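A look at the structure
If you want the building blocks of each chain, they are given just below.
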Amino acid sequence: MQELILISLGIFTGFLGGMLGVGGALFVIPALVYIFGFSQKLAQGTALAMMLPPIGILAVITYYEKGFIEIKSAIILCLGCVLGGWLGAKLAVNLPTATLQKIFGAYLIIIGSKMLFFSSK
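Residues numbered from 1 in each chain as written. Predicted model: local features only at pLDDT ≥ 70, side-chain atom pairs only at ≥ 80, totals over all residues. Heavy atoms only, no water.

One broad trend across soluble globular proteins is that nonpolar side chains are buried collectively. One finds Leu 32 and Leu 77 to be the most contacted residues of the largest nonpolar core, which totals 22 residues. Of all the secondary-structure elements, those providing two or more residues to this core are helix H1 (2-20), helix H2 (24-34), helix H3 (40-50) and helix H5 (71-92). Ignoring anything within four residues of it in the chain, the contact list for Leu 32 reads Leu 6, Leu 9, Gly 37, Phe 38, Ala 43, Thr 46 and Leu 77. The next biggest cluster of nonpolar side chains, apart from the first, holds nine residues, and it includes Leu 16, Met 19, Leu 100 and Ile 111. (Core = buried A, V, L, I, M, F, W, Y, C linked by side-chain atoms within 4.5 Å. Buried < 20%, exposed > 50% of the residue type's maximum accessible area, 1.4 Å probe, protein only. Helix = DSSP H or I, 4+ residues; strand = E, 2+ residues; numbered from the N terminus. Contact = heavy atoms within 4.5 Å.)

Structure follows, in structure tokens:
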């Protein structure tokens, strides 16, 4: 069941990342902390491992050496993110700019408020 949730999170992350132009920090990290109960460092390391091929190999190595990566979760998230990114980009290029800006701003407010005012598990 956890794998199904992770692949769904990967697809969702890729979709919104493709649609809004942002990545794991805004979507995956809060989900791993609040849904899966990961520590902040474990969530950050796992999100970096998901993005390893294109972005952060040196950062991933650092988190991995300290034990802050859950490899299986990162791989599953990566697979979902590829599909979701494609779907999100297909939607984004067809949305009016003002609509996209409103969606992005609302998401930042919601996640920022949650992280500021509510503790994780």
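Take the pattern of salt bridges next. This structure, assessed with the given rule, holds one salt bridge. For the salt bridge of Glu 3 with Lys 72, the shortest nitrogen-to-oxygen distance reads 2.6 Å. Of the two residues, Glu 3 sits in helix H1 while Lys 72 sits in helix H5, which places them 69 residues apart along the sequence. (Salt bridge = Lys/Arg side-chain N within 4 Å of Asp/Glu carboxyl O.)

As a further point, take a nonpolar patch on the surface. Together, Met 1, Leu 4, Ile 5 and Ile 35 give the surface a local cluster of nonpolar side chains, amounting to about 430 Å² of exposed area. The topology assignment puts Leu 4 in helix H1. Take Leu 4: its relative accessible area is 53%, and that puts it in the exposed class. (Patch = residues over 30% accessible without salt bridge, like charges linked within 9 Å, V, L, I, M, F, W, Y side chains within 5 Å. Areas by Shrake-Rupley, 256 points an atom, 1.4 Å probe, with all protein chains shown as cover.)

This paragraph deals with the packing of aromatic side chains. Within a pair of aromatic rings, the relevant descriptors are the distance that separates the centres and the angle that separates the planes. Throughout the structure, instances matching the rule amount to one aromatic pair. The lysine or arginine in question, Lys 114, covers the ring of Tyr 34, its NZ or CZ lying 4.3 Å from the ring centre. (Phe/Tyr/Trp six-rings, centres within 6.5 Å; stacked < 30°, edge-to-face > 60°. Lys NZ or Arg CZ within 6 Å of the ring centre and 35° of its normal.)

Take the packing of H3 against helix H4 (residues 57-65) next. Helix-helix packing: each pair is described by the crossing angle between the helix axes and the interaxial distance. Direction vectors running N to C along H3 and H4 enclose 140°, while the axes themselves pass 9 Å from each other. Classified by the angle their axes make, H3 and H4 are oblique. Relative to H4, the crossing made by H3 is left-handed. Side by side, H3 and H4 meet where Lys 41, Gln 44, Gly 45, Leu 48 and Ala 49 of the first sit next to Ala 59, Val 60 and Tyr 63 of the second. A class-by-class count of the residues in the contact of H3 with H4 yields five nonpolar, two polar and one charged. (Axes fitted to C-alpha atoms, helices over the stretch in contact; angles between N-to-C directions. Parallel < 35°, antiparallel > 145°, perpendicular 65-115°, else oblique. Left-handed = near helix turned anticlockwise from the far one by under 90°. Nonpolar A, V, L, I, M, F, W, Y, C, P; charged D, E, K, R; others polar.)

Moving on, we come to the environment of Val 22. The topology assignment puts Val 22 in the loop between H1 and H2. Residues in contact with Val 22, not counting those within four places in the same chain, are Gly 17, Phe 27 and Phe 104.

Tracing the sequence through the fold places Ala 49 in helix H3. Take Ala 49: its relative accessible area is 15%, and that puts it in the buried class. Each C-alpha atom, one on Ala 49 and one on Glu 70, is 8.4 Å from the other, the two residues being 21 residues apart in sequence. With near-sequence residues (within four places) excluded, Ala 49 lies in contact with Val 60, Ile 69 and Ala 74.

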